[in-house]
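Chain residues, written in single-letter form:
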Amino acid sequence: ETGELNGHTISVDGKTIYIARKDSSVNGFKVLSRNVQEGEEQKLIDFKNERKYSIALSPDGKLLALLSRDNTTSYMIPAILRIVDVENANIILTHKLQRVARNLTWSADGSEVIFCAYTGEETMGLWHIKSVGGEPVKLPIEMTGEMRHLTVHPDGKRIAFSALSP
C-alpha cells in the first residue's frame, strides 16, 4: 500500500507490525496491521482530518496508544490521545489534551501512557495518564527544547529519551 509512513510499532512476539500511514483521501491517517510472515495488511482504523504524531503498542500487545492533532489548523495545537483495542479496532479512550504533545510510550506494566508535552513556549515535560482514563499528571521532569523517542526501562523506574535543545 502507498502513502507516507508516519510511524510504526511492533508486537512483542515480532509477528505483527502496526503502521500509521498518511491517507490523503481523508486528509488524515490510517492504522494498519501487517502480518510479518504473510506480508498481509489490514486496515484497523482511520482518522479523518488528523495528523499522527506517535504510535505505541502496549506491553501485552492488546492496545495501541496514538497521539494526533487536528490537521485543518496550525501546527502548535493541543494533541488528542487515543487508546485503541487492536483486536476489534474499538477506540476505548479519547482524551483531548490541553497542550501540544509529540511522543508517547507505555509504562512497563501497561497501566499508563507516558507522553511528552510542551509546558511553556520552549519547554517540554513528561506526563502520564492511566490507560483506563482520568486526567494527565505531570512528572517532575522538564527541560528547554524538545523531548523525543521515549522508552521506559523494563523495571518501570527509569525513562530514557533524546533531547533536542538549544
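Residues numbered from 1 in each chain as written. Predicted model: local features only at pLDDT ≥ 70, side-chain atom pairs only at ≥ 80, totals over all residues. Heavy atoms only, no water.

Undergrad: Which parts of the structure should I look at to understand the side chain of R102?
TA: Relative to the elements of secondary structure, R102 occurs in strand β9 (residues 101–106). At 3.3 Å, the side chain of R102 forms a polar contact with the side chain of Y53. (Helix = DSSP H or I, 4+ residues; strand = E, 2+ residues; numbered from the N terminus. Polar contact = N/O pair within 3.5 Å; in protein donor to acceptor, adjacent residues only side chain to side chain.)

Undergrad: Any chance you could explain the sheet that holds strand β2 (residues 16–23) here in plain terms?
TA: Strands pair in a sheet through their backbones, by hydrogen bonds, and they do so in one of two ways: parallel or antiparallel. In spatial order, the strands read β1-β2-β3-β4; together these four strands make up an open sheet with antiparallel pairing. Two strands in the sheet have a free side with no partner beyond their single neighbour: β1 (5–10) and β4 (41–47). On average, each strand axis in the sheet is tilted by 20 degrees relative to the strand beside it, whichever way the strands run. Two elements, β2 and strand β3 (residues 28–35), share eight bridges in a ladder whose sense is antiparallel. Residue Y18 lies in a different strand from β3, and its bridge partner there is S33. (Pairing = 2+ DSSP bridges. Axes fitted to C-alpha atoms, helices over the stretch in contact; angles between N-to-C directions.)

Undergrad: Whenever I open this one, the environment of F29 confuses me. Can you help?
TA: Mapping F29 onto the fold places it in strand β3. Here F29 is in contact with N6, A20, R21, K22, D23, D46, F47, E50, R51, K52, L66 and S68, once residues within four sequence places are set aside. (Contact = heavy atoms within 4.5 Å.)

Undergrad: Looking at this structure, how should I read the environment of Q37?
TA: Following the sequence through the fold, Q37 ends up in the loop between β3 and β4. Between the C-alpha atoms of Q37 and T16, which are 21 residues apart in sequence, the distance is 8.6 Å.

Undergrad: What should I look at first to understand unusual backbone geometry in this one?
TA: With a phi angle near 55 degrees, N49 is a residue other than glycine that sits in the positive phi range. Within the fold, N49 resides in the loop between β4 and β5 (50–57). The class for N49 is partly exposed, based on a relative accessible area of 36%. Despite not being glycine, A89 shows a phi value in the positive range, around 60 degrees. As for its position among the elements, A89 is in the loop between β7 (80–85) and β8 (90–96). (Buried < 20%, exposed > 50% of the residue type's maximum accessible area, 1.4 Å probe, protein only.)

Undergrad: Please explain the pattern of salt bridges as it appears in this structure.
TA: By the definition in use, this model includes eight salt bridges. One salt bridge in this structure joins E41 and R34, with 3.1 Å as the shortest N-O distance. Given the relative accessible area of 24%, E41 is considered partly exposed. For R34, a relative accessible area of 31% gives the class partly exposed. Residue R148 is joined to E146 by a salt bridge in which the shortest nitrogen-to-oxygen separation is 3.3 Å. Given a relative accessible area of 32%, R148 falls into the partly exposed group. (Salt bridge = Lys/Arg side-chain N within 4 Å of Asp/Glu carboxyl O.)

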